[in-house]
Amino acid sequence: MFKDCFKYYKSKNPPPDLEKVRRINLEKTGNSASNFGLNPVKTWEVYELVDHPGLIFIKNPFTSIGQRYWVVRCLQDYSKRPNKTNLDALNLVPEGKEWWEVCQNNNNKILMNKLRWVTLGYHHDWESKVYAEENKGEFPKDLAELSRFIAESLNFLHFNAEAAIVNYYHMDSTLSGHTDHSEHNLKAPLISLSFGQTAIFLLGGKTKDDEPSAMFLRSGDIVVMSEESRLCYHGVPKILQMDSRFWNCFEENDFTNDCKNVVNICKEETLWKPFGDYLNNSRININVRQVLQRGQKRLCSESDEKT
Ligand SMILES: O=C(O)CCC(=O)C(=O)O
Ligand SMILES: [Fe+2]
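Residues numbered from 1 in each chain as written. Chains lettered and ligands numbered in written order. Predicted model: local features only at pLDDT ≥ 70, side-chain atom pairs only at ≥ 80, totals over all residues. Heavy atoms only, no water.

1. Let's talk about the sheet that holds strand 8 (residues 175–178)
(1) Moving on: The strand order across the open sheet built from 4 strands is 8-13-10-11, with neighbouring strands paired in antiparallel fashion. The open sheet terminates on both sides in strands that have one partner only, identified here as strand 8 and strand 11 (213–217). Neighbour-to-neighbour, the strand axes of this sheet turn through a mean angle of 25 degrees, independent of strand direction.
(2) Moving on: Summarising the sheet, strand 10 (residues 198–203) and strand 13 (residues 234–240) pair through 5 bridges and their orientation is antiparallel. From the neighbouring strand, A199 faces strand 13, where its bridge partner is I239. (Pairing = 2+ DSSP bridges. Helix = DSSP H or I, 4+ residues; strand = E, 2+ residues; numbered from the N terminus. Axes fitted to C-alpha atoms, helices over the stretch in contact; angles between N-to-C directions.)

2. Digging into the confidence of the model for the protein chain
(1) Moving on: When pLDDT is averaged across the protein chain, the result is 89; 93% of the residues are at 70 or more.
(2) Moving on: Per-element averaging of pLDDT across the protein chain places helix 9 (residues 302–306) at the bottom with 45 and strand 9 (residues 190–196) at the top with 98.
(3) Moving on: Of the regions scoring below 50 in pLDDT, residues 302–307 engages in 2 contacts with residues more than four places distant in sequence or in other chains. (pLDDT = per-residue confidence, 0-100. Contact = heavy atoms within 4.5 Å.)

3. Considering the nonpolar core
(1) Moving on: Among the nonpolar cores identified, the biggest contains 63 residues, and W99, L143 and L193 are the most heavily contacted of them.
(2) Moving on: Ranked by residue count, the leading element in this core is helix 2 (residues 64–77), at 7 residues.
(3) Moving on: The residues contacting L143, other than those within four sequence positions of it, are W70, Y78, L120, A164, L193, I286 and V288.
(4) Moving on: Grouped together as the second largest cluster of nonpolar side chains are 16 residues, M215, V223, V236 and I239 included. (Core = buried A, V, L, I, M, F, W, Y, C linked by side-chain atoms within 4.5 Å. Buried < 20%, exposed > 50% of the residue type's maximum accessible area, 1.4 Å probe, protein only.)

4. Side note on the site of ligand 1
(1) Moving on: Taken together, 13 residues lie near ligand 1, and N167, Y169, H234, R283 and R289 sit nearest.
(2) Moving on: A distance of 2.9 Å is found between an oxygen atom of ligand 1 and a side-chain nitrogen or oxygen belonging to N167.
(3) Moving on: One nitrogen or oxygen atom from the side chain of H234 is found 2.9 Å from an oxygen atom belonging to ligand 1.
(4) Moving on: Of all the secondary structure elements, the ones that give two or more residues to the shell around ligand 1 are strand 7 (163–170), strand 8, strand 13 and strand 14 (282–289).
(5) Moving on: A total of 4 residues in the shell around ligand 1 trace back to one element, the largest contributor, which is strand 14.
(6) Moving on: Split by residue class, the shell around ligand 1 holds 5 nonpolar, 5 polar and 3 charged. (Near = heavy atom within 4 Å. Polar contact = N/O pair within 3.5 Å; in protein donor to acceptor, adjacent residues only side chain to side chain. Nonpolar A, V, L, I, M, F, W, Y, C, P; charged D, E, K, R; others polar.)

5. A closer look at helix 8 (residues 269–279)
(1) Moving on: Residues of helix 8 that are buried include every one of W272, F275, G276, Y278 and L279, and no others. Axial view of helix 8: buried residues confined to an arc of 155 degrees, hence all on one face. (Arc of directions from axis to C-beta.)

Structure (structure tokens):
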């Protein structure tokens, strides 16, 4: 069922329907939203899918400059060593140099499209499907704070961002149906942020036989997978071209943040241009997870588990 649906959306351009949703009213009002490039919480449009309890959708709560901020972080900063990327195995970026810098200096479009994922914090080993203590990098403080702010706004308290996968999609990229089950803490929600071109997102059930629902994920949209939906199959069969109004509409300009050089790039059109050019044919998804149970200090390494 999931596979058939995946193929259907991959080959056609059907509009997904998202009719069966219920609106959620948030009682919370966070003051620090603007520090993260978010509009005030009281203006957020938040929905839960009726057929998938626990799947929460926040319709683009970001300001344009806020969207730009996270895009610059993903392209220029999170892609840097020692964070692990799919490029590590390919030896395409010379020692001492960084991917984004090399792409810009040589206008290297081929290399630009080769980056598919970066992991932050605990690295998820795709082969063994485990997170290991030895494989841990530093988790970016700004992304951890953004994630906690989003979680708390939805009443998920004490969310600790410990791992993230940043997925970089181009117009022909897909992500096949899977569940995210390697985290030790499966009660904590999974927070997914999308920027750039639009994705068709499929959300199925606990098995591949359940019929999935399809929805558009546009630039700035946030999906939170929690409770019953936390372990459901999901995937991205198609990326669709969108216009760039989401990150180019400057009605506001009061964004301040510790990363002054990033904010400066977001506000200066000439500095922003290469990032905007990338985004015109790409989608970036940041998928944030809590790995540990609350109170658990560290993961057991494999040898600990055996003894
Ligand atoms: O790109 C997306 O919207 C989903 C990404 C995802 O499911 C994952 O990284 O596990
Ligand atoms: Fe996933």
